[in-house]
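# Fold and contact review
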Amino acid sequence: MKRRKLVALSAVFVAAVAALLISSQTVLVSAHNGAALAQQGQKGDPEEPPPPFYNPYPFGILPPDLPQEIERVLREVDFIESEALAQLRALPPPTLTNQPPLLAHTGQRLNVLVGKALNFDRNISPFNDRACGFCHMPYVGFSGPIPSVNLTMVAYPGSYNFRAGKRTAQRYTYSPSFPVLNFNDTQQAFFDGNFWDSRATGYLLGSPDANQAQGPPVDTQEHALPDTACIAFRLQSAVYKSFFIELWGDDLDAIKFPHNTEEICETPGGASIFGTDTMPIKLSPVDRAIANHVFDHWGQSINQYEGSPDVSAFSSKFDSYLAVQSGAATSGYMLTADELAGYNLFRGKANCNSCHLDGRSTAPSPTAPHSQDTGAAADTRPVFTCFGSANLGLPLNPRDAFYYQTTPDFFGFTANPYGFGYRDLGLGTFLRSGFGSWASPNDDWTQFAPTSDGKMQTSSARNVAMTPPQCPTTEAPGPYFQKEFFHNGYIKSLKQLVHFYNTRDVASFHYNVTSGHCPAGTVEKVNCWPNPEVTNNMDMTVGKLGLTDTEENQIVAFLQTLTDGFTRPYPNINTFTGICMTCNPATDPNCSPSRQGNGSLIPTPPLPPCASVICGVAPFPSPPIP
């Protein structure tokens, strides 16, 4: 009997009832998407239909075009995967030489291309329908590629539709620049690591980015493989297997997998049939060791791809400008008047440079009124991050799909039994080894959880404005590509992002409400900011910058100069086959960068207290989080 049938027999009764009570939206989405996935060669018996879709969401959380958009992105993923395979086949083989052994001549490029093939292989998922690239496509700086998802459900649907995560798809670009997570005694703060909550510490592989790459394949909300050994199992039949073996020397074919391995690997993680077993594939110690090495090498190759010029290119207009200013080049592109004004604000009055470091000094004090960094440019390529974390005081976003996953799915898994009792404490939750994060590898860090609650990683500002060429901007009226910003996707345009930094703490802009409840006569994100989700440890160096509307727009213009692909083509940026968004300001009151996305606002329900499993874990948040 197939594993999926066993799961069905063991699934809880509630899941069966939920499957019968499918909303009209689910019927439409499931019918369309189920047929599409069947055409794509879904794993399992030919006579066995896909499991019923999981839709605990109220109407409107799932965008109506989600099935078509999933199909589109999968086609784009397959295209890039085919390109990677062709590049691998055309690459002259490296020469194994030297002591210690070295793959000479083309070894580095081989590693980059193997990483690219791994990144766009959708077979690394239970239903062969999710690759890392599905949530991280090149034409948006390797962040979320579906405009309607960015506008509505925030987190991306994983291999088992429609489980979804809890945060936005963070950009890959420049993520390999983050060192191993550590606590800085002088600044009494954590720096480095990967993921929004820095849980990919890199303590074992020496690279947080490689550690991060290991997360999604076995995340219950993403690829959802139930065992890391499923990666080695799927690689045994991968068309690029020989290149992986040539690179790493892993004896993939020596692993003796049990007869039921495919049945296990096509069952998503979290299924009740697994209980608490995180290694349901029963391997000998030797075979498990080989599979573990394969898993490590998976992450390391993806890290090499993400650190290469294919992804982290340093090819923006600003890079050309900086080369001229530093004397490294005698000719190049100059910034326009607005872009230059925005840059001067970025490293001066707006105080952006205190966290998104631009490779210059920070003197005089960037927090002084109307100050400007006039120091010499440093001899480095700026990554536009301090590698730290901060709580920016963002409101809770009730559109996040995670809040609604409170009932068991077909496999008996419940992602968030706490519903709106969930609070995203970010780094603080990780330091407590808490719900929704990973276990911390260092008990000495736990004491710092209360001073880390609410903090999220300071991402690089590079490529924050990257869009497909046919959608030249992130800002309405367009043609534009709808993106989402910050960890919970609350902000929908760069104008809103800068305006939030500028006015969050202006007294007349703050109201004691949650999102969707700004009082009559105000406009949310324009002159009304709801309460922060987490008030502890808020960064007070921003929030009341005194920028004019023109100055905000100039900073947006500067941020757009940080988009790669200006001085040389950016690989795969032309892959987008979707449709740009447009709107008419004459008929749509929300057709402006300031109000962009406000037509999709929904009221936050009455919030229960923060669940004790999140806010009641020692050392307790201080002050307590309501």
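In this text, all values refer to a predicted model and were calculated from it rather than measured experimentally.

Criteria and cut-off values
Residues numbered from 1 in each chain as written. Predicted model: local features only at pLDDT ≥ 70, side-chain atom pairs only at ≥ 80, totals over all residues. Heavy atoms only, no water. Helix = DSSP H or I, 4+ residues; strand = E, 2+ residues; numbered from the N terminus. Contact = heavy atoms within 4.5 Å. Areas by Shrake-Rupley, 256 points an atom, 1.4 Å probe, with all protein chains shown as cover. pLDDT = per-residue confidence, 0-100. Phe/Tyr/Trp six-rings, centres within 6.5 Å; stacked < 30°, edge-to-face > 60°. Buried < 20%, exposed > 50% of the residue type's maximum accessible area, 1.4 Å probe, protein only. Axes fitted to C-alpha atoms, helices over the stretch in contact; angles between N-to-C directions. Parallel < 35°, antiparallel > 145°, perpendicular 65-115°, else oblique. Nonpolar A, V, L, I, M, F, W, Y, C, P; charged D, E, K, R; others polar. Lys, Arg positive; Asp, Glu negative; His and termini not counted. Salt bridge = Lys/Arg side-chain N within 4 Å of Asp/Glu carboxyl O. Polar contact = N/O pair within 3.5 Å; in protein donor to acceptor, adjacent residues only side chain to side chain. Left-handed = near helix turned anticlockwise from the far one by under 90°. Expected span 1.5 Å × (residues − 1). Disulfide = S-S within 2.5 Å.

Our focus in this paragraph is the overall build of the protein. Helix and strand counts for the protein come out as 18 helices and six strands. Intrachain contacts of the protein at a sequence separation of at least 6 include 72% that bridge at least 24 residues. Split by element, the accessible area of the protein, about 24200 Å² in all, is 58% carbon and sulfur.

With that out of the way, let us pick up the confidence of the model for the protein. Here the protein averages 91 in pLDDT, and 89% of its residues register 70 or above. Predicted confidence for residues 5-45 stays below pLDDT 50, and this span has 58 contacts to residues more than four positions away or in other chains.

Our next topic: the packing of aromatic side chains. Per the counting criterion, the structure on display carries 39 aromatic pairs. When the ring of Phe190 is compared with that of Trp445, the centres are 5.6 Å apart and the planes differ by 85 degrees; the resulting orientation is edge-to-face. Here Phe190, found in strand 4 (residues 189-191), pairs with Trp445, found in the loop between helix 15 (427-431) and strand 6 (456-457); they are 255 residues apart in sequence, far enough to count as distant. The buried category is assigned to Trp445, whose relative accessible area is 7%.

Now for the packing of helix 14 (residues 337-346) against helix 17 (residues 549-559). It is the contact of helix 14 with helix 17, at a shortest axis distance of 7 Å, that shows an interaxial angle of 100 degrees. The pairing of helix 14 with helix 17 is recorded here as roughly perpendicular in orientation. Along its contact with helix 14, which presents Asp338, Glu339, Ala341, Gly342, Tyr343, Leu345 and Phe346, the element helix 17 presents Glu551, Gln554, Ile555, Ala557, Phe558 and Leu559. Its residues assigned to classes, the contact of helix 14 with helix 17 comprises eight nonpolar, two polar and three charged.

Let's shift gears to the side chain of Arg171. When you line up the elements, Arg171 lands in the loop between helix 7 (147-151) and strand 3 (182-184). No salt bridge is formed by the buried Arg171; the nearest opposite charge belongs to Asp564, separated by 9.0 Å. Of note is the side chain of Arg171, whose polar atom sits 2.3 Å from the backbone oxygen of Ser460. For Arg171, the side chain forms a polar contact with the main-chain oxygen of Arg462, separated by 3.3 Å.

The next thing to look at is the pattern of salt bridges. Scanning all chains against the criterion turns up 22 salt bridges. Its salt-bridge partner being Arg130, residue Asp129 comes within 3.8 Å of it at the nearest N-O pair. Each member of the pair, Asp129 as well as Arg130, is classed as buried. Put simply, Glu552 and Lys495 hold a salt bridge, and the shortest N to O gap is 2.8 Å. Here Glu552 is found in helix 17, whereas its partner Lys495 is found in helix 16 (residues 494-503), with 57 residues between them in sequence. Of the residues examined, Lys495 reaches a relative accessible area of 5% and is grouped as buried. The network of salt bridges with common partners includes Arg167, Asp197, Arg199 and Asp424.

Turning to the packing of helix 4 (residues 66-90) against helix 5 (residues 107-119), a few remarks are in order. Between two packed helices, the angle of one axis relative to the other and the distance separating the axes together describe the packing. Interhelical geometry of helix 4 versus helix 5 gives an angle of 155 degrees and a closest axis separation of 9 Å. Considered as vectors, helix 4 and helix 5 are oriented roughly antiparallel to each other. In the crossing of helix 4 with helix 5, the sense of the turn from one axis to the other is left-handed. For the pair helix 4 and helix 5, the contacting residues are Ile80, Glu81, Glu83, Ala84, Gln87 and Leu88 in the first and Arg109, Leu110, Leu113, Val114, Lys116 and Ala117 in the second. Each residue belonging to the contact of helix 4 with helix 5 can be placed in one class, and the counts come to seven nonpolar, one polar and four charged.

Right, let's talk about helix 5 for a bit. The terminal C-alpha atoms of helix 5 lie 18 Å apart, and with 13 residues this matches the ideal 18 Å at 1.5 Å per residue to within 8%. In terms of burial, helix 5 is largely enclosed, as 11 of its 13 residues are buried. Considered for burial, the residues of helix 5 that qualify are Gly107, Leu110, Asn111, Val112, Leu113, Val114, Gly115, Lys116, Ala117, Leu118 and Asn119. Where helix 5 is buried, its residues meet helix 4, strand 2 (102-104), helix 6 (132-135), helix 9 (229-235), helix 10 (241-248) and helix 12 (285-307).

Turning next to the state of the cysteines. Throughout the structure, instances matching the rule amount to five disulfides. Between the sulfur atoms of Cys230 and its disulfide partner Cys265 the distance amounts to 2.2 Å. Around the S-S axis, the bridge from Cys230 to Cys265 shows a dihedral of about -95 degrees and counts as left-handed. Placement of the pair is Cys230 in helix 9 and Cys265 in helix 11 (residues 261-265), with a sequence separation of 35 residues. This pair shows no difference in class: Cys230 is buried, exactly as Cys265 is. Two residues, Cys518 and Cys528, share a disulfide whose sulfurs are 2.0 Å apart. As the torsion about the S-S bond is roughly -85 degrees, the Cys518-Cys528 disulfide counts as left-handed. Here the residue Cys518 occupies a position in the loop between helix 16 and helix 17, and Cys528 occupies one in the loop between helix 16 and helix 17, the gap between them amounting to 10 residues. The same class applies to Cys518 and to Cys528, which are both buried. Cysteine pairing for the protein (bonded cysteines numbered in sequence order): 1-2, 3-6, 4-5, 7-8, 9-10. Cysteine Cys132 is unpaired, with the sulfur of Cys135 as its nearest cysteine sulfur at 8.7 Å. Just so you know, Cys386 is unpaired, no disulfide at all, and the nearest cysteine sulfur is the one on Cys355, 4.7 Å from it.

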